[in-house]
Amino acid sequence: MHVSSILPLPGIRIGCRNPVSPQLSSREAQHPSSYAVRQRNASTAGSGRSSENGSIPGESLHDFPEKATATLGRCPRPRRIILVRHGESQGNVDESVYTRIPDPKIELTEKGWRGAEKTGRRIREMIVNDGCDDWKVYFYVSPYTRTLQTLRGLGRAFERERITGVREEPRLREQDFGNFQDREKMIIEKAERLKYGRFFYRFPDGESAADVYDRITGFRETLRADIDIGRFQPPDEWTHNMNLIIVSHGLALRVFLMRWYKWTVQQFEGLHNFGNGGMIVMQTGTGGRYSLLVHHTVEEMREFGLTEEMLHDQRWQMKAKPGEFNHEWSSSGPSFFSHFD
């Protein structure tokens, strides 16, 4: 495993709390949002001005703790975003269960539980090998039973103080194939999907991968906002060694990667599903962006389905900084036109 070097952001020391003004009291240092609210209230007191939403000062949208905290400093980006597919489920070994058990209620097998626990230990070992003692994990999880059970299996590898929180996120749910499924009909529909195209084929009364893309786009924006404001990091415990773990389903996780890295439909359709309990690690490179080649080898990513062009972009991601643009990447424009050849 390759471990990246992390560049500290200005004003923040790795593994230490963010510097706080010496004028703050001990209580305010522990709860800087209350200090921000008090300062804003003091600036409007006696002026006859109310807050922008018409209520008393200190009760506007800007006074939500995470927003007030964000104005006092820049929270470091998590070191990793770890994508984990649920462990082996009843439906993975017997597709007939979909005809009698609602998809959201299908459970893990005993093998699936063991696999989830093993993946948790693998994640812990990977993090511990960084050599930092202030590391934490935060989970986003699909609300399906098999993903919640996978979460609990993963969680057995971590002590309470290492877990900063969990968010159940419905947008991470499995692709909707309809309600109770007719087994014979589903076999025909999956064959039709191969002919029509995996991304655009919509199952009757269900979703296409394109539909999943739309809701994953919404989740991605929420995730980026959470990263920017450090929602999963207590203000007095900011660390570069935060690891986000997303527990979801095979197609949803591939779509997430497609959306994050701006892969085309053709590139998406060349990807392979990763096994039950498998994981893909997005890790910060030297510039602060997330790359798949910091943790994984080129051979592993080729096996997953990345083309040479996609691998070239991942090498760029290893060194690039947030906000920079890869002008040689296929989605930047020229590759869509034939008259440049």
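For clarity, every value in this text was computed on a predicted model and none was experimentally measured. (Residues numbered from 1 in each chain as written. Predicted model: local features only at pLDDT ≥ 70, side-chain atom pairs only at ≥ 80, totals over all residues. Heavy atoms only, no water.)

What about the sheet that holds strand E1 (residues 80-85)?
The mixed open sheet is built from six strands, whose spatial order is E3-E2-E4-E1-E5-E6. Both outer strands of the open sheet, strand E3 (163-168) and strand E6 (290-291), are each paired with one neighbouring strand and no more. With two bridges joining them, strand E5 (residues 279-284) and E6 adopt antiparallel strand pairing. Bridge pairing links Thr 284 to Tyr 290 in E6. Its contacts with the sheet place helix H5 (residues 110-128) against E1, strand E2 (136-141), strand E4 (242-248) and E5, and it is angled at close to 165° to E1. Against the sheet, helix H8 (residues 209-229) contacts E1, E2, E3 and E4, and its axis sits at roughly 160° relative to E4. (Pairing = 2+ DSSP bridges. Helix = DSSP H or I, 4+ residues; strand = E, 2+ residues; numbered from the N terminus. Contact = heavy atoms within 4.5 Å. Axes fitted to C-alpha atoms, helices over the stretch in contact; angles between N-to-C directions.)

Concerning the packing of H8 against helix H9 (residues 250-261)
With their axes 9 Å apart at the nearest point, H8 and H9 run at an angle of 65° to one another. In terms of crossing hand, the pair formed by H8 and H9 is right-handed. In contact with Ala 209, Val 212, Tyr 213, Ile 216, Thr 217, Phe 219, Arg 220, Glu 221, Leu 223 and Arg 224 of H8, H9 contributes Leu 251, Ala 252, Val 255, Phe 256, Met 258, Arg 259 and Trp 260. (Left-handed = near helix turned anticlockwise from the far one by under 90°.)

Quick word on the packing of H5 against helix H6 (residues 145-155)
Angle between the axes and distance between the axes: these two values describe a pair of packed helices. In the contact formed by H5 and H6, the axes pass within 7 Å of each other and the chain directions differ by 45°. Relative to H6, H5 is oriented oblique. Here H5 runs over H6; the crossing is right-handed. Taken together, the residues of H6 that come into contact with H5 (itself represented by Trp 113, Ala 116, Glu 117, Thr 119, Gly 120 and Ile 123) are Gln 149, Thr 150, Arg 152, Gly 153 and Leu 154. Looking at side-chain class alone, the contact of H5 with H6 contains four nonpolar, five polar and two charged residues. (Parallel < 35°, antiparallel > 145°, perpendicular 65-115°, else oblique. Nonpolar A, V, L, I, M, F, W, Y, C, P; charged D, E, K, R; others polar.)

Some details on the pattern of salt bridges
Oppositely charged side chains are able to pair whenever their charged atoms sit close together. Taken as a whole and assessed by the stated rule, the structure comprises 16 salt bridges. Notably, a salt bridge pairs Arg 146 with Glu 174, separated by 3.7 Å at the nearest N-O pair. Of the two residues, Arg 146 is situated in helix H6 and Glu 174 in the loop between E3 and helix H7 (183-196); the sequence distance between them amounts to 28 residues. Residues Arg 146 and Glu 174 agree in their burial class; the two are buried. Ionic contacts of the salt-bridge type, sharing partners, join the residues Arg 79, Arg 80 and Asp 130 into one network. (Salt bridge = Lys/Arg side-chain N within 4 Å of Asp/Glu carboxyl O. Buried < 20%, exposed > 50% of the residue type's maximum accessible area, 1.4 Å probe, protein only.)

Brief notes about the side chain of Glu 88
Within the secondary structure layout, Glu 88 lies in the loop between E1 and helix H4 (90-93). A polar side-chain atom of Glu 88 sits 2.7 Å from a polar atom in the side chain of Thr 109. What Glu 88 contacts, discounting residues up to four positions off in sequence, is Val 93, Leu 108, Thr 109, Lys 111, Gly 112 and Asn 276. (Polar contact = N/O pair within 3.5 Å; in protein donor to acceptor, adjacent residues only side chain to side chain.)

Here's the deal with unusual backbone geometry
A positive phi is found at Asp 205, a non-glycine position, where the angle reads about 65°. Along the polypeptide, Asp 205 turns up in the loop between H7 and H8. Of note, Lys 262 is a non-glycine position whose phi angle comes to about 60°, a positive value. Note on placement: Lys 262 falls in the loop between H9 and helix H10 (265-269). For Lys 262, a relative accessible area of 44% corresponds to the partly exposed category.

Observations regarding the environment of Phe 268
Residue position: Phe 268 is located in helix H10. A residue is classified by how much of its surface remains accessible, and Phe 268, at 0% relative accessible area, is buried. Counting along the chain gives 37 residues from Phe 268 to Gly 305, while the straight-line C-alpha distance between them is 8.5 Å. What Phe 268 contacts, discounting residues up to four positions off in sequence, is Phe 199, Ala 209, Leu 251, Arg 254, Val 255 and Met 258.

Points about the nonpolar core
One finds Ile 81, Leu 223, Ile 246, Trp 263 and Met 282 to be the most contacted residues of the largest nonpolar core, which totals 41 residues. Of all the secondary-structure elements, those providing two or more residues to this core are E1, E2, H8, E4, H9, E5, helix H11 (298-304) and helix H12 (308-319). Apart from the residues within four sequence positions on either side, Leu 223 is in contact with Ile 81, Tyr 140, Leu 244, Ile 246, Phe 256 and Trp 260. Judged by nonpolar contacts, the second largest core, of 18 residues, contains Ile 123, Trp 135, Leu 151 and Ala 157. (Core = buried A, V, L, I, M, F, W, Y, C linked by side-chain atoms within 4.5 Å.)

Some details on the side chain of Arg 146
Residue classification places Arg 146 among the buried positions, given a relative accessible area of 1%. At 2.9 Å, the side chain of Arg 146 forms a polar contact with the backbone oxygen of Asp 103. Residues contacting Arg 146, with those up to four places away along its chain left out, are His 86, Ser 89, Asp 103, Ile 106, Glu 107, Leu 108, Glu 174 and His 249.

Observations regarding the packing of aromatic side chains
Considering all chains together, one arrives at 16 aromatic pairs under this definition. Where Phe 199 meets Phe 200, the ring centres are 5.0 Å apart and the plane angle is 90°; that geometry is what we call edge-to-face. The structure contains a cluster of three or more aromatic residues connected by ring pairs, namely Tyr 138, Tyr 140, Phe 219, Phe 232, Phe 256, Trp 260 and Tyr 290. Over the aromatic face of Trp 135 sits the side chain of Arg 162, whose NZ or CZ is 4.2 Å from the ring centroid. (Phe/Tyr/Trp six-rings, centres within 6.5 Å; stacked < 30°, edge-to-face > 60°. Lys NZ or Arg CZ within 6 Å of the ring centre and 35° of its normal.)

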